[in-house]
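Letter by letter, the chains look like this.
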Amino acid sequence: MKKKILFIVALVVLVLWIFPLVWLVITSLKLEEDVLTDVFSIFPKRPTLQNYAKAFSSTYILKWLWNSTVVSVATMILTLAVDAPIAYAMAKIKFRGRQILFWFVMAGMMIPFQVIIIPLYLQFNSYGLVNTLSAAILPRLALPIGIFILKQFFEGIPDELEEAAFIDGSGRGRIFTTIILPLGKSALATVMILSFINAWNDFLWPLIAISDTAKYTITVGIANFQGVHGTDYSLIMSGAVIASVPQFVFYFIFRKKIVEGIAMTGIKG
Amino acid sequence: MKRKSLSACLLVLSLLLLGTVGIGASGSQEKDVASEKGGPIEITFWSLFTGGDGEFFDAMVDEFNRTHDDIVMTTDTVKFDNYYTKLTTALTSQNAPDVVVIHRSKLLNYVPSGTLYPLDDVLKSVNAPMDDFIPAALEPCTFDGKIYSLPLDVHALIMYYNKDLFRQAGIAKVPVTYEEFVAAAKKVQDKTGAMGAAIDNTTATYKAYTLTRLFMSFMEQQGGSVLTEDLSAADFNNEMGEKALQALVDMVRKYGITESGLDYDSSVAAFKLGKAAIHINGVWATGSFEKQEGLDFAAVPLPAMLGKPAAWSGSHTLAIPAKKEMSNEKLAAAVEFMLWMTERGDLWAKAGHIPIRKSVSDNPDFQSLPHRKDYAAAAASSFAAPRTVAWDEIYNNLSDSLELAVASGQDVKTALAEMEKMVNSIIASY
Amino acid sequence: MAIPGNKDTRDGVLFSLPFVLIYLFLLVFPIIFGLYISFYKWDILSSRKFIGLGNYISLFKDKTFYTSLWHTFQFVFITTPILMVAGFVMALFVNSKSPLRGAGENIFFIPYVLSITVIGTLWAWLFQKNYGLFNQLFMLLGHAKVGWLTDPQKAMWSVSAATIWWTAGFNMILFSAGMKQISAEVYESARIDGAGYFRILKDITIPLLRPTIVLCLLLQIIASFKVFGQVYVMTGGGPYGKTRVLIQYIYENGFTYFKMGYSSAMAYVLFLLIMVISVVYYKIMGREK
C-alpha cells in the first residue's frame, strides 16, 4: 500500500514538474492573438506552425544552430582536456602549493562576470579575435567548475590502484590516461554535458564579442525575437524550443554513456 | 614513457587551441575588399529594432538596398536591453559599425567623449535638405552648435481610446482636462464594466515608464519641469509636483479608474482585447492595435490634463561612430542612407512613429495611414528629456519611486521630498 | 600519493599548467584590470580619473547598494536550502527502485538545458498577473488574482520557484553520481543489521556523501550570490526595485549609467564577501570531520 501511495505522489510530482515545459511547447503552437485568450486548452484551439515558420524564415537560424554546435562542442572537448589534468593533480598529487592553487582557482568563480566584460573585450580585440567563434569559446575554458567536480570524483578512486601501477613501472601520465580517466568516466561525462549546456546557453559574452549576425550563436539570435515594445510569447517560445532541441538530443545521447560509465565503476568496496 | 604521453597530451591540447583560434578568425577583413574593387560601398549598421518595429525597419533597409546600386547596408540587430552594452564595448576598441541607431536621450553618453562623428560638413557636402527637418526634432541632436545625429522619428506619449466603449457609455467629447478624463473613464467603467484607463503602474517584463512619462508631462503641462533649468537639481517638490503626483495616485486609489499592480503587457493587452476604454502609451502601440480585429480605436495627442498641451517624447536617431579611417566616400554613403531613412518617414510611420521631416507629413502616402496624422501634431507639443548625463539614473529611480507612491498611496508631500533628495544625490554623484 | 623518485611538484605543475595559463590570461588578468578600474572614475569612453578609495566610500553610503545586497541575500537564503534538499530528494528517488526513476531523472534534469532568458520568459508568462496560466486557474476556481511578480512580498519567492525548477536537476546529478559510488554491499550489511530506510539515510548515505554535499553547497552559494538574469527578465528588479539584486545594480551602474569605476568597486566588494563566506564555510565544514 505504501508503495502505491509513493508511486502516485511521485507521478503527480513528475507531471507537475514537466508541466511548464509542456506549456512552453503548447504556447509555441498558438497564434499570437490566441496566446492571451486561449489559455486553458491542453491543445491549442487553433494550432499553428506559424511561429516556427517565422523563426526559420530568419535567414540565419540554421547558421546560428551550426555556430552554437561548433562553439559548444569545442568548449566541451577543450574544457575536459584542460580541466581533467589539473583536477587529477589536485586530487592525487601532493605537490607544494596545492592548497593555494585550490583557492586561487576557486576565486575565479566568485567574480561577477559583468565586471570583466570590458577588459576581456579589450584583450580579445588586441588578439584580433573579436567577432570570431573563438572569442565565444575561449573565456569559458577559464571557468573552474569542471575542475571541482572532477577533483571530487578522482579523490574517490583508491590510491592502491595507482600504487600498483607505479610499482609496475608506469609513470604519472600513463596512470592518468589508463587508470584515472577510464574510472572517472561518469564524472567526465557529467562535466561534458554541463560544459556543453553552459556553452550553448551563454548569452551576454557571445552577444558582445560577436557582431556579425551570421556568426551569432542560437541563444543570441533568438533573443531578438523579443520585441522592443511588446512580447510575442508564442514566437519567443518557438525560438526557445528550436534552441533547446539540440541540447535535449545531446543530453539523451550522453545519458546512456553516463549509465554505462557508472556501471563500469563500482570498484569501491 | 611518462614524458612521451604528457607531451603528447600537451601537443594535442595546443593544436586544439590553435585550431579554435583559427575558427572564424577571418571575417572582418572581407568587408573592405569589396569597395576597393569598385563594387558597391558596404556600410555596416546596428539596429536595436526587434519584434514588430524590427519588421518595419528591416523592410525599409531592404527597400534602400533595392533602390541603391552603389551602396549596400548590412544590418546587425541587437535586442534593446543589451544594445548599448554592446555598442559601448565596441566603441572602446573602434569596432563599432559605420552607422548606429541611438536614442536621443543616450546621445549625451557618447557625444562628449568624441565617439560620434559631427555631421555638419558631410551634410553640407551632399546638400542635405536640413530645412526639411522639424526643428523641434533636430535641435536635441545638436551639441555646441554641431549636429551629431539625424532624428529618425519622434515617438510621443499619446492617448488611445476605444470608440465602441465611448459610444456605449455615451461619451461624445474626447476628454481634455483631468476632470473630464476621470469623469469619462468612470462613466465607461460604470456603464460597461471595462477598465477606465489602462495605464501601467508596476514593473514586470517592462519597467513602468508610463508613470514617469506622465509625471514629466504633467509637470510640463503646468509650465514646470522635473529638473531646474540648469539641470543641477530636482524641481518637482512644489505645488506643481504635488498636483502631478496626486493626479497619478488618485487614478488608482481615489477614482479607481486604473487597476493597481497593472504591468505594461497587461495594460496593452487590456486595451487590445477591448477591456479598457482609455490607454496611455507611446505611439508605437498603434501598429499592434491596428492588427487586432474588431478593435475600433482612435489615437490622439495626450490631452492637456493639467494645463497646456505637453507630452513626453523620445526619439530614435541615426549617428556615425567616429573611427580612425572612414573615407569621405563611406561617410557620404552613410549619410545618404541616413537621409533616405528620414525621408521615408511614411514607411517608418507604419510602425506608428511620427515622422520628423515636413515633406513626409505632407506626403499622401503618410496621410493615408489611419491614425498617424491624428497624433502627428503631438510632435509639436512634445518635449525632450532633460539633457544631463545623470538622466538615465534619475529616470529609473523616479520610476521606482512613482511606482511605490501609487502602489502604497504614500502621502504626496513625503513622496516628493524623498524623490527630491534621491534625485539630487544622483546628480551629485556624476 | 607520493611516487618513487618524488617528482610530485614537477608533475603537479605540469598537469596544472594548461588550465592555469588560460586562467591567468582570460580570468585573472581581466579581474585585476577590473580592480584597477575601481579606483578610478571612468565612463568607459573617455579617459580615467584617479579617485583612490572614492568609489568605495560612496558605495558604503549608498542606500541602494545595501538594499540590492539584501535582495541578493534574500535570494540566497530562500533558494539554497530548498535547492539542496530538492536535489537530494530527487537523487534519492532516481536511485531508488521506483519504476518512475528513469522518467524522473530526465524530467528533473531537462529544465537545466533551457537558457536563462527562456526560463525567465516562460515563468514570467506563467506568473503574469492578468493573463498568466496560474492566475487564470485561480480565477477559474474563484480565487482572486495573485501578483506573483508584482507583489513585493511574493516577487522574490516567485523568482526563486522558477530558479528551483531550473537548477535543482544540477544538484540532483551531482548527488546521484555520488550515491552511485556507494557500493551496494554497504547498504546490504546495514539492512541485514535491521536498519530502516531513514536510519540508513542518516547513518550511511549522508555521511558517505559528505564531500559531495559540501562541494554542492559551496557551488550553490557562490552561484546564488551572482544571481541576475532570471530576476531581471521576470521582474526587471521590481516592483519598485524590491527585487533588484546586487548584480543588476552593478550592471546598471556600469553599462546604463556609465559609472564603470563605481560598478567595479561594488563588484569587488561582492567578490570579497563571497570569498570570505567561502573560506569561513570551508573552515567550518573541515572542522566537523
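Residues numbered from 1 in each chain as written. Chains lettered and ligands numbered in written order. Predicted model: local features only at pLDDT ≥ 70, side-chain atom pairs only at ≥ 80, totals over all residues.

Trainee: Quick question: what am I supposed to make of the overall build of chain B here?
Mentor: Per the secondary structure count, chain B includes 20 helices and 13 strands. Seen along its three principal axes, the alpha-carbon backbone of chain B occupies a region of about 85 × 65 × 45 Å. Counting across all 430 residues of chain B, residues that qualify as buried make up 53%. By sequence separation, contacts in chain B at least 24 residues apart represent 77% of the contacts at least 6 residues apart. (Helix = DSSP H or I, 4+ residues; strand = E, 2+ residues; numbered from the N terminus. Buried ≥ 20, exposed ≤ 12 C-beta atoms within 10 Å, placed from the backbone. Contact = placed C-beta atoms within 7 Å.)

Trainee: Is there a simple way to explain the overall build of chain A in this structure?
Mentor: A count of helical and extended segments in chain A gives 14 helices and 0 strands. Scanning chain A from its N terminus toward the C terminus, one meets helices and strands in the order α-α-α-α-α-α-α-α-α-α-α-α-α-α. Each of the three principal axes of chain A carries a C-alpha extent, and together these read 70 × 65 × 30 Å. Here chain A holds 269 residues, and 50% of them are scored as buried. Within chain A, contacts between residues separated by at least 24 positions form 76% of all contacts whose residues are at least 6 apart in sequence.

Trainee: Hey, could you run me through the interface of chain C and chain B in this one?
Mentor: How big an interface is tends to be stated in terms of accessible area lost as the parts join. Facing 25 residues of chain C, the contacting portion of chain B comprises 30 residues. Across the side of chain C that touches chain B, the residue classes tally to 12 nonpolar, 11 polar and 2 charged. (Nonpolar A, V, L, I, M, F, W, Y, C, P; charged D, E, K, R; others polar.)

Trainee: Quick question: what am I supposed to make of unusual backbone geometry here?
Mentor: The phi torsion of most residues other than glycine is negative, and most of the peptide bonds are trans. Here the bond from C:Gly238 into C:Pro239 is cis, since omega is 0°, no more than 30 degrees from zero. Of note, the phi angle at B:Leu231 is positive, near 60°, even though the residue is not glycine. Along the chain, the position of B:Leu231 falls in the loop between helix H10 (209-221) and helix H11 (239-253). B:Leu231 gets classed as partly exposed once you count the C-beta atoms within 10 Å, which come to 17. At C:Phe258, a residue that is not glycine, the phi angle is positive and equals roughly 60°.

Trainee: What is the right way to read the nonpolar core from this model?
Mentor: One broad rule of soluble globular proteins: the nonpolar side chains tend to lie buried together. The biggest cluster of nonpolar side chains holds 296 residues, and the ones touching the most others in it are B:Ala156, B:Ile158, B:Ala197, B:Phe215, B:Leu248 and C:Met266. The element best represented in this core is helix H7 (residues 155-181) of chain C, accounting for 13 residues. (Core = buried A, V, L, I, M, F, W, Y, C linked by C-beta atoms within 7 Å.)

Trainee: Can you walk me through the domain arrangement of chain A in this structure?
Mentor: Residue and element names in this part refer to chain A. The domains assigned to chain A are domain 1 (1-48) and domain 2 (58-265). Each of domain 1 and domain 2 was reduced to a C-alpha centroid, and the two centroids are 32 Å apart. The leading source of residues in the side of domain 1 that touches domain 2 is helix H1 (residues 2-28), at 4 residues. Split by residue class, the side of domain 1 that touches domain 2 holds 4 nonpolar, 2 polar and 2 charged. (Domains from an automatic or database assignment.)

Trainee: Please clarify how the UniProt feature "domain: ABC transmembrane type-1" (unreviewed entry) in chain A should be interpreted in this entry.
Mentor: Look at the UniProt record and you will see "domain: ABC transmembrane type-1" (unreviewed entry) annotated at residues 65-254 of chain A. Each end of residues 65-254 of chain A is marked by a C-alpha atom, and these two atoms are 19 Å apart; helix forms 72% of the span and strand 0%. (UniProt positions renumbered as here; feature names shortened; annotations may be inferred.)

Trainee: Please clarify how the interface of chain C and chain A should be interpreted in this entry.
Mentor: At the junction of the two partners, chain C supplies 72 residues and chain A supplies 76 residues. Where the side of chain C that touches chain A is concerned, the elements lending two or more residues are helix H1 (8-37), helix H4 (101-109), helix H5 (116-127), helix H6 (133-140), H7, helix H10 (210-225), helix H12 (246-256) and helix H13 (260-287) of chain C. The element best represented in the side of chain C that touches chain A is H1(C), accounting for 18 residues. Broken down by class, the residue content of the side of chain C that touches chain A amounts to 50 nonpolar, 17 polar and 5 charged.

Trainee: Explain the pairing of strand S12 (residues 316-319) of chain B to me, please; I cannot follow it from the model alone.
Mentor: Along any regular strand, the residues point their side chains to alternate faces of the sheet. Residues and elements named next belong to chain B. The alternating pattern of S12 places His316 and Leu318 and Thr317 and Ala319 on opposite faces, both of which are buried. As judged from the 4 bridges shared by strand S3 (residues 99-103) and S12, these two strands associate in the antiparallel manner. The residue bridging Val100 from the neighbouring strand is Ala319, located in S12. Relative to S12, strand S6 (residues 150-151) runs antiparallel, the two being bridged by 2 bridges. The residue bridging Leu150 from the neighbouring strand is Leu318, located in S12. (Pairing = 2+ DSSP bridges.)

Trainee: Explanation requested: the packing of helix H19 (residues 391-408) of chain B against helix H20 (residues 412-428) of chain B in the structure shown.
Mentor: Helix packing geometry: the angle between the two helix axes and the distance between the axes. Residues and elements named next belong to chain B. Across the interface, H19 lies against H20 with an axial gap of 10 Å and an inter-helix angle of 165°. Of the possible angle classes, the one that applies to H19 and H20 is roughly antiparallel. Crossing geometry of H19 relative to H20 is assigned as right-handed. Two secondary-structure elements touch here, H19 through Glu393, Ile394, Asn397, Leu398, Ser401 and Ala405 and H20 through Ala415, Glu418, Met419, Met422, Val423 and Ile426. Class assignment of the residues belonging to the contact of H19 with H20 gives a composition of 8 nonpolar, 2 polar and 2 charged. (Axes fitted to C-alpha atoms, helices over the stretch in contact; angles between N-to-C directions. Parallel < 35°, antiparallel > 145°, perpendicular 65-115°, else oblique. Left-handed = near helix turned anticlockwise from the far one by under 90°.)

Trainee: Sorry, what's going on with the environment of A:Pro139 here?
Mentor: Considering the arrangement of structural elements, one finds A:Pro139 in the loop between helix H7 (133-137) and helix H8 (145-155). The residues touching A:Pro139, leaving out its near neighbours within four places in the chain, are A:Leu120, A:Trp205 and C:Leu26.

Trainee: Help me understand the domain arrangement of chain B in this model?
Mentor: All names here are of chain B. If you check the domain split of chain B, you get domain 1 (41-154 + 315-376) and domain 2 (157-313 + 384-428). Each of domain 1 and domain 2 has a C-alpha centre, and the two are 29 Å apart. In this complex, domain 1 contributes 17 residues to the contact, which on the side of domain 2 involves 18 residues. At the level of secondary structure, the elements contributing two or more residues to the side of domain 1 that touches domain 2 comprise helix H3 (51-67), helix H5 (107-110) and helix H18 (372-376).

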